[in-house]
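# Residue-level structure breakdown
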Amino acid sequence: MKTNVIVYLVLMFTYIFFVQSVKAENIHFNNEVYTLKLSKFSDTHKGYDNEYFPANDTKDNWGKMVGIYYYPEVKDPIKFAKNADDEIEKKENTVLLKFIANKKQDKAVLSYLENGEQNGRYYFEHNIYKYEPHPQKGMMVLRYSKRFFFDTNDEITKIGHKVREINDDLIEQIIISPVPQIVETDIV
């Protein structure tokens, strides 16, 4: 009888361990919990993309997200970020907010606003990207993005003021946040 109880306990702990290790970890950012809902290999940059969303959002219909992207072939995060900065400056539907480069640590942070449309509603998307070297090879990118939907010009003005208020704080949070490990499993 004692042997059966011990065997059942061992099996139960083993089951719990394997069930927990298969589940993707949640990410906590800005006092919110984000769950991995997209993980796929990118043929463009030859690394995995992981995107985390709040519980009620989906990869196709979201208001906030945290992204983690692995670029194994990129050797210079600051140069990559500078090129992204140049591309943003050329687009008509984007406004660069800040570009910060730390040459000693080989890291860069970029924030900008982009306007778009989803399901007939217009929005401004506030994006913040952190670029840093991967510990072994390549570069890691941490992204925070929030969409602000609007219907009137008054709402556009309020969004502009809100983004101005929160941008520096969010940049600081992104800078001090460690980039979580990439999940190299397809979840679509």
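Residues numbered from 1 in each chain as written. Predicted model: local features only at pLDDT ≥ 70, side-chain atom pairs only at ≥ 80, totals over all residues. Heavy atoms only, no water.

Attention now goes to the overall build of the chain. Secondary structure summary: the chain contains three helices and eight strands in total. Overall, the chain shows an N-to-C arrangement of helices and strands of α-β-β-β-β-α-β-β-β-β-α. Considering only contacts in the chain between residues 6 or more positions apart, those separated by 24 or more positions represent 51%. Of the roughly 12,100 Å² of accessible surface on the chain, a fraction of 53% belongs to carbon and sulfur atoms. (Helix = DSSP H or I, 4+ residues; strand = E, 2+ residues; numbered from the N terminus. Contact = heavy atoms within 4.5 Å. Areas by Shrake-Rupley, 256 points an atom, 1.4 Å probe, with all protein chains shown as cover.)

Turning to the sheet that holds strand E6 (residues 107-118), a few remarks are in order. In spatial order, the strands read E1-E2-E3-E4-E8-E7-E6-E5; together these eight strands make up an open sheet with antiparallel pairing. One side of each edge strand has no neighbouring strand; the edge strands of this open sheet are strand E1 (27-29) and strand E5 (94-102). In this sheet, neighbouring strand axes are inclined to one another by 25° on average, regardless of whether the strands run parallel or antiparallel. For E5 and E6, the ladder comprises eight bridges, and the chain directions are antiparallel. Bridge assignment links isoleucine 100 to a residue of E6, and that residue is valine 109. Contacts from helix H2 (residues 77-90) reach strand E4 (64-71), E5, E6, strand E7 (121-133) and strand E8 (139-150), with the element oriented near 165° to E5. Its contacts with the sheet place helix H3 (residues 153-176) against E1, E5, E6, E7 and E8, and it is angled at close to 15° to E7. (Pairing = 2+ DSSP bridges. Axes fitted to C-alpha atoms, helices over the stretch in contact; angles between N-to-C directions.)

Regions with low pLDDT carry predicted coordinates that are not meant to be interpreted in detail. Within the chain, residue pLDDT values average 88, and 87% of them lie at 70 or more. Every residue in residues 7-23 scores below 50 in pLDDT, and together they form zero contacts with partners more than four places removed in sequence or on other chains. (pLDDT = per-residue confidence, 0-100.)

Across its 24 residues, H3 extends 35 Å between first and last C-alpha, which sits within 8% of the 34 Å expected from 1.5 Å per residue. At isoleucine 166, H3 shows its largest kink, close to 40°. Elements in contact with the buried residues of H3: E1, E5, E6, E7 and E8. (Expected span 1.5 Å × (residues − 1). Bend = angle between axes of the 7 residues up to and from the residue.)

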